[in-house]
Amino acid sequence: MMFNQSLVRVRAGTRTDRGGNTVPDWATATRLTVERVNIQPSVQVEAHDETRTSKITGWHVQSDEGTNPDIRADDRIEWDGMTLEVDGEVARWPDLFSNAVHHIEFEMKRSTG
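Note that the structure is a prediction, hence the values are computed from the model and not measured.

(A) Broad picture of the pairing of strand 4 (residues 76–79). Burial of strand 4 is one-sided: the residues I77 and W79 facing one way are buried, the residues R76 and E78 facing the other way are not. Bridge count between strand 1 (residues 5–16) and strand 4: three bridges; the pairing is antiparallel. Bridging across to strand 4, V8 finds its partner in E78. Sheet analysis places strand 4 next to strand 5 (residues 82–94), joined by four bridges and oriented antiparallel. Across the sheet, the residue bridging to E78 is T83, located in strand 5. The hairpin formed by strand 4 and strand 5 contains two residues between the paired strands, and D80 there has a positive phi angle of roughly 55°.

(B) Here's a closer look at a nonpolar patch on the surface. On the surface, a cluster of nonpolar side chains totalling about 210 Å² of accessible area is made up of V43, V45 and I56. Assignment of secondary structure puts V45 in strand 2 (residues 22–48). Residue V45 is classed as partly exposed on the basis of its relative accessible area, which comes to 41%.

(C) Inspection of the nonpolar core at higher detail. Ranked by internal contacts, the top residues of the largest apolar core, which has 16 residues, are L7, I39, I71, I77, W79, F106 and M108. Within the residue set of this core, elements represented by two or more residues are strand 2, strand 3 (53–63), strand 4, strand 5 and strand 6 (101–112). With four residues, the top contributor of residues to this core is strand 5.

(D) Structural context of the pattern of salt bridges. Under the definition given, this model contains seven salt bridges. A salt bridge links D70 to R9; its shortest N-O distance comes to 3.3 Å. In this pair, D70 sits in the loop between strand 3 and strand 4 while R9 sits in strand 1, placing the two residues 61 residues apart along the sequence. Given the relative accessible area of 6%, R9 is considered buried. The salt bridge partner of E78 is R31, with a shortest N-O separation of 2.8 Å. Of this pair, E78 sits in strand 4 while R31 sits in strand 2, placing them 47 residues apart in sequence. Of the residues examined, R31 reaches a relative accessible area of 53% and is grouped as exposed. Here the residues in one salt-bridge network are R9, R11, D70 and D75, joined through shared partners.

Thresholds applied
Residues numbered from 1 in each chain as written. Predicted model: local features only at pLDDT ≥ 70, side-chain atom pairs only at ≥ 80, totals over all residues. Heavy atoms only, no water. Buried < 20%, exposed > 50% of the residue type's maximum accessible area, 1.4 Å probe, protein only. Helix = DSSP H or I, 4+ residues; strand = E, 2+ residues; numbered from the N terminus. Pairing = 2+ DSSP bridges. Patch = residues over 30% accessible without salt bridge, like charges linked within 9 Å, V, L, I, M, F, W, Y side chains within 5 Å. Areas by Shrake-Rupley, 256 points an atom, 1.4 Å probe, with all protein chains shown as cover. Salt bridge = Lys/Arg side-chain N within 4 Å of Asp/Glu carboxyl O. Core = buried A, V, L, I, M, F, W, Y, C linked by side-chain atoms within 4.5 Å.

Put into structure tokens, the structure is as follows:
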């Protein structure tokens, strides 16, 4: 596989709401460029109802061997001019001969409609 692509991980800051709860604050988000990834199409779904047509498009992301990018399920991803959501948990694959992470894999998706 070729790992010549990159993406930007967007992580929300936090703030306290009126009820004293800590909530995500996307206005204070931080960005981190993640390189050495491979991004491939994985799913495309179209759903219809009386009021709209919604589309969900997804991509599978895998990092290069020996990398462990700091990406979590609650992050957003900027890639190819789009802002995408991490879909589910990030899988961290163990190295067979050490306690290190061999690589990560996750799905990202864009919903429209």
